[in-house]
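Residue strings, one per chain:
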Amino acid sequence: MKPDRVTLVEVGPRDGLQNEAAPVGAAEKIELVRRLQDAGCREIEVTSFVSPKWVPQMADAAQVMAGIERRAGVRYSVLTPNLKGLEAALATRPDEVVVFGAASEAFSRRNINCSIAESLERFAPVVEAAHAAGVKVRGAVSCALGCPYQGEVTPDEVERVVVGLKAIGVDHVGIADTIGVGTPLAAQRALERALKHYPLAEVSGHFHDTYGQALANILACLDLGVHVFDTSIAGLGGCPYAKGATGNVATEDVVYLLHGLGIDTGLDLDRLVDAGAYISGVVGRPTASRAARALLAR
Ligand code: HMG
Ligand code: MG
């Protein structure tokens with residue numbers, strides 16, 4: 001049965017902007033977060049504390065975290081691949097941190113420069129230190145539905161990483177289709193493996209929309225009862241280490257879908273469209289959200 005209420009984790013400021021060729025300034029990122037909050041976003045992935053040599057677009061992480069206006073009831077998360085990232089992140093008071101692993105060895109090496117086993121060893125002290133600071137930890141499982149280097153990825157490979165993340169105390173797992181190749185049954189098969197080890201509220205879906213399947217994948221996961229999804233304003237996004245992958249599913253499109261199904265999100269679609277128009281102007285591209293385009297043309 002589908003849930004009555006869905007939480008969308010807005011990843012636009014992070015996933016959305018980590019792959020832009022022309023860097024977006026900290027002031028624009030801060031303004032985007034403000035507009036997202038005005039639209040009702042209560043979970044915002046703000047930035048990444050990663051190596052600036054690997055992802056220069058996120059080099060202003062501390063500045064952005066210091067500049068955002070914190071609002072009561074809003075949870076702010078950031079990516080932290082290692083202890084160095086965690087230490088820098090904790091100084092900026094996030095509510096949640098995200099370690100990011102992969103279901104494919106090849107992608108793990110390309111994205112974080114280590115094997116899957118090494119990544120789990122590296123994440124273990126990050127989880128411990130985050131918990132000691134009272135901060136929740138999410139774990140992303142990239143390439144859960146396919147890998148740009150390895151090709152097919154099986155549910156067994158997904159489950160293996162989920163089990164590894166659980167063993168080191170990660171609180172929540174996000175099953176990610178990094179390159180947007182997945183289709184609904186494959187999405188269900190992957191999330192079902194996560195649900196064997198984590199409660200419903202602690203499993204989420206993160207779908208890039210390269211093949212236009214993301215909304216269908218979300219609908220299929222709603223049928224499993226999953227009620228947390230990552231989405232990105234204006235459909236921005238991509239991973240610098242997953243060439244050719246397009247953005248995440250657009251927040252506006254998912255909200256249109258969910259409200260049409262009578263599912264509450266707490267989000268204001270018109271204000272989201274405004275936020276999407278703002279950031280699309282900043283990056284100099286039309287929005288990738290079909291719902292936003294339709295609403296703007298009214
Ligand atoms: P490495 O080169 O193996 O790391 O990279 P290292 O420990 O050897 O350090 C190399 C240099 O980076 C050193 O500086 C470190 O101090 C520095 P140097 O001595 O050369 O001047 N460094 C750092 N600086 C700042 N913050 C840090 C940090 N760590 C090391 N945290 C590393 C390993 C993990 C750091 C690197 O591979 C990296 O930063 N990768 C991040 C890649 C990334 O951000 N990808 C995108 C996010 S994941 C994603 O988009 C997927 C997701 O959306 C889900 C999905 O769609 O699949 C979540
Ligand atoms: Mg992503």
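Residues numbered from 1 in each chain as written. Chains lettered and ligands numbered in written order. Predicted model: local features only at pLDDT ≥ 70, side-chain atom pairs only at ≥ 80, totals over all residues.

(A) Structural view of the nonpolar core. Residues Val 141, Ala 144, Val 158, Val 173 and Ile 175 are the most contacted members of the largest nonpolar core, which totals 93 residues. For Ala 144, the contacting residues outside a window of four places in its chain are Ala 103, Val 153, Val 158, Ile 175, Ala 176, Asp 177 and Ala 190. (Core = buried A, V, L, I, M, F, W, Y, C linked by C-beta atoms within 7 Å. Buried ≥ 20, exposed ≤ 12 C-beta atoms within 10 Å, placed from the backbone. Contact = placed C-beta atoms within 7 Å.)

(B) Summary view of the pairing of strand E7 (residues 203–207). Within E7, five of the five residues are buried, which leaves it mostly tucked inside the rest of the structure. The side-chain alternation of E7 yields two buried faces, one formed by Val 203, Gly 205 and Phe 207 and the other by Ser 204 and His 206. As judged from the five bridges shared by strand E6 (residues 172–177) and E7, these two strands associate in the parallel manner. In the strand pairing of E7, Asp 177 is matched with Phe 207. Between the parallel elements E6 and E7, the chain passes through helix H8 (residues 184–195) in a crossover that is right-handed. Between the parallel pair E7 and strand E8 (residues 228–231), the chain is carried across by helix H9 (residues 214–222), and the sense of this crossover is right-handed. (Helix = DSSP H or I, 4+ residues; strand = E, 2+ residues; numbered from the N terminus. Pairing = 2+ DSSP bridges. Right-handed = clockwise from strand over helix to strand, strands pointing away.)

(C) Seen up close, the confidence of the model for the protein. When pLDDT is averaged along the protein, the result is 97, and 100% of the positions lie at 70 or above. Scoring the predicted complex yields pTM 0.98 and, for the interface, ipTM 0.99. (pLDDT = per-residue confidence, 0-100.)

(D) Spotlight on the UniProt feature "domain: Pyruvate carboxyltransferase" (unreviewed entry) in the protein. As annotated by UniProt and renumbered to match this structure, "domain: Pyruvate carboxyltransferase" (unreviewed entry) occupies residues 6–273. Counted over residues 6–273, helix gives 40% and strand 16%. Its end C-alpha atoms are 19 Å apart. (UniProt positions renumbered as here; feature names shortened; annotations may be inferred.)

(E) Structural context of the packing of H8 against H9. One can describe the packing of H8 onto H9 by two numbers: an axis separation of 8 Å at closest approach and a directional angle of 45°. With respect to H9, the axis of H8 lies oblique. At the point where H8 passes H9, the crossing takes the right-handed sense. Across from Pro 184, Ala 187, Gln 188 and Leu 191 in H8, the residues of H9 making contact are Ala 216, Asn 217, Ala 220 and Cys 221. (Axes fitted to C-alpha atoms, helices over the stretch in contact; angles between N-to-C directions. Parallel < 35°, antiparallel > 145°, perpendicular 65-115°, else oblique. Left-handed = near helix turned anticlockwise from the far one by under 90°.)

(F) Quick look at the packing of helix H2 (residues 26–38) against helix H11 (residues 269–283). With their axes 8 Å apart at the nearest point, H2 and H11 run at an angle of 170° to one another. Put simply, H2 runs roughly antiparallel to H11. Seen along the crossing, H2 lies across H11 with a hand that is left-handed. Contacts from Glu 28, Leu 32, Arg 35, Leu 36 and Asp 38 in H2 reach Arg 271, Asp 274, Ala 275, Tyr 278, Ile 279 and Val 282 in H11. Taken together, the residues of the contact of H2 with H11 break down into six nonpolar, no polar and five charged. (Nonpolar A, V, L, I, M, F, W, Y, C, P; charged D, E, K, R; others polar.)

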